[in-house]
Amino acid sequence: MGKMAAALGSVAALATEPGEDAFRKLFRFYRQSRPGTADLGGVIDFSSAAQAARGTGPGAPKVVRSQLSVSSVSDHDAHRAGLQPVSKWRAYGLEGYPGFIFIPNPFLPGYQWHWVKQCLKLYSQKPNVCNLDKHMTKEETQDLWEQSKECLRYKGVNKRRPRSLLEKLRWVTLGYHYNWDSKKYSADHYTPFPSDLAFLSEQVAAACGFQGFRAEAGILNYYRLDSTLGIHVDKSELDHSKPLLSFSFGQSAIFLLGGLKRDEAPTAMFMHSGDIMVMSGFSRLLNHAVPKVLPSSEGESLPCCLETPLPAVLPRDSVVECCSVEDWQVCASYLKTARVNMTVRQVLATDQDFPLESMEENKRDITTEGFCHLDDENSQVKRARLNPDS
């Protein structure tokens, strides 16, 4: 407890120093932090039952248990999505952050493999939109997986190889495609939302008390070890009464959850592979960011929860599909130095339509990279951070 209190004290002192707003100071602090040192002593680890039970020390928001709607999701439907029965989930919240729910890895052993494979092999395909579309033709980005798999499979053998297209992927949008320029969704920029991800999202939302949630838009972020997610608020959806769901896979990261304004110091927490976050109610429109992806302490290796293979026999009506050994070799090679995050949103309220936009607004290029979520320190093409006023 002494080291944690000291870490929290130094972070609190940094946040109150004059100059930049508190969130930006702590974003920079954690971006420059060193894993395995006291720098991360005040970061909440919800996967640690001991820490979750005792809280996080003086000056930090108290960790509390969140109640789930166990009866809203049958054990069978949970299994179909690759999840444990809801009765076995652990769910936490933070005092001062009503509507924020953190669920440490509720996936059944091996079932994360399906969602990782979908992010890399299926969701990255056309007609979905990605950051590479701005600089490449549709033909060149038609099947990133096929163009990258051999390169990734032998990544450890040839250290001097050029990066594959999958390793250059930074974001993919699903369903209603987010316009990074206008920061809006529109009815005429839509492709069918993946049915398996919709089903997963509906079960998680229902377990958190949001029956009837519709998965209408998704943003997938693909992080390298030097990637960050700038400070922002997800407010482009037209219905803020529905939650924002976040699913993490691969290497761990630090997530910062702030307040309505950036002069409020954020709370830092770890996101590990399989973890799910739900932002709803008051917490739906809070500032948040990812200042750092944490490399494995054992070199280029996978989190333990990804070492268990997906069962060969799945429920007959499961939305999860088998993953071949060859496909997982590619996924594992990628994730040893990367992290993937899926965020799912409901854009419109029931019976709500998009407002009429001017013709000029609709002509904006939805693949523009001007406001790309992710920023890489070593990228040859520097990406602008999110608009400070977002």
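Criteria and thresholds
Residues numbered from 1 in each chain as written. Predicted model: local features only at pLDDT ≥ 70, side-chain atom pairs only at ≥ 80, totals over all residues. Heavy atoms only, no water. Helix = DSSP H or I, 4+ residues; strand = E, 2+ residues; numbered from the N terminus. Buried < 20%, exposed > 50% of the residue type's maximum accessible area, 1.4 Å probe, protein only. Lys, Arg positive; Asp, Glu negative; His and termini not counted. Salt bridge = Lys/Arg side-chain N within 4 Å of Asp/Glu carboxyl O. Polar contact = N/O pair within 3.5 Å; in protein donor to acceptor, adjacent residues only side chain to side chain. Core = buried A, V, L, I, M, F, W, Y, C linked by side-chain atoms within 4.5 Å. Contact = heavy atoms within 4.5 Å. Axes fitted to C-alpha atoms, helices over the stretch in contact; angles between N-to-C directions. Parallel < 35°, antiparallel > 145°, perpendicular 65-115°, else oblique. Left-handed = near helix turned anticlockwise from the far one by under 90°. Nonpolar A, V, L, I, M, F, W, Y, C, P; charged D, E, K, R; others polar. Pairing = 2+ DSSP bridges.

This part covers the side chain of Asp 45. If you trace the backbone, Asp 45 turns up in the loop between helix H2 (22–31) and helix H3 (49–54). Of the buried charged residues, Asp 45 lacks a salt bridge, with Arg 90 as the closest side chain of opposite charge at 8.0 Å. Within polar-contact distance, the side chain of Asp 45 engages the side chain of Ser 47 at 2.6 Å.

Let us now look at the pattern of salt bridges. Going through the model one piece at a time under the given rule, you end up with 13 salt bridges. Residues Lys 126 and Asp 133 are paired through a salt bridge, measuring 2.7 Å at the closest nitrogen-oxygen approach. Like Asp 133, Lys 126 is buried. One salt bridge connects Glu 237 with Arg 345, and the closest N-O pair in it is separated by 2.9 Å. Residue Glu 237 is found in the loop between strand S7 (227–232) and strand S8 (244–250), and its partner Arg 345 is found in strand S13 (residues 338–345); the two are separated by 108 residues along the sequence. You'll find Glu 237 and Arg 345 in the same group, each marked buried.

Membership of the largest hydrophobic core comes to 66 residues, with the highest contact counts inside it found for Trp 115, Leu 197, Leu 200, Tyr 222, Phe 247, Trp 328 and Met 342. Sorting elements by how many residues they give to this core places helix H8 (residues 195–207) first, with eight residues. In this structure, Met 342 is in contact with Trp 115, Cys 119, Tyr 123, Leu 197, Leu 200, Ile 219, Leu 220, Leu 245, Ser 246, Phe 247 and Phe 249, ignoring residues within four places of it in sequence. Ranked by size, the runner-up nonpolar core spans 21 residues in total, among them Tyr 92, Tyr 97, Leu 244 and Ala 253.

On to unusual backbone geometry. Between Lys 126 and the following residue, Pro 127, the backbone shows a cis peptide bond with an omega angle of 15°. In this model, Lys 183 sits at a positive phi of 60°, which is unusual for a non-glycine residue. Examined against the element boundaries, Lys 183 turns out to sit in the loop between strand S5 (171–175) and H8. On the basis of relative accessibility, which here comes to 18%, the residue Lys 183 falls in the buried class. Even without being a glycine, Asp 351 presents a positive backbone phi close to 65°.

At a minimum axis distance of 11 Å, the contact between helix H5 (residues 112–122) and H8 shows a crossing angle of 135°. When the interaxial angle is binned, H5 and H8 end up oblique. Of the two elements, H5 crosses H8, and the hand of that crossing is left-handed. Here His 114, Trp 115 and Gln 118 of H5 lie close against H8, whose contacting residues are Asp 196, Leu 197 and Leu 200. Residue composition of the contact of H5 with H8, by class: three nonpolar, two polar and one charged.

For the rest of this paragraph, the subject is the packing of helix H6 (residues 144–153) against helix H9 (residues 325–335). Interhelical geometry of H6 versus H9 gives an angle of 75° and a closest axis separation of 9 Å. In terms of orientation, H6 lies roughly perpendicular with respect to H9. Each of Trp 145, Lys 149, Leu 152 and Arg 153 in H6 lies in contact with H9, whose residues at this interface are Glu 326, Asp 327, Gln 329, Val 330, Cys 331, Ser 333 and Tyr 334.

A few words now on the pairing of S7. Most of S7 is tucked away: six of the six residues are buried. Where S7 meets strand S12 (residues 288–293), two bridges bridge the pair, whose relative direction is antiparallel. Bridge pairing links Leu 229 to Val 290 in S12.

With that settled, consider H9. Counting buried residues along H9, eight of its eleven residues qualify, which places the element largely inside the surrounding structure. Buried within H9 we find Asp 327, Trp 328, Val 330, Cys 331, Ala 332, Ser 333, Tyr 334 and Leu 335. Buried residues along H9 sit in contact with H5, H6, helix H7 (165–168), strand S6 (217–224), S8 and S13.

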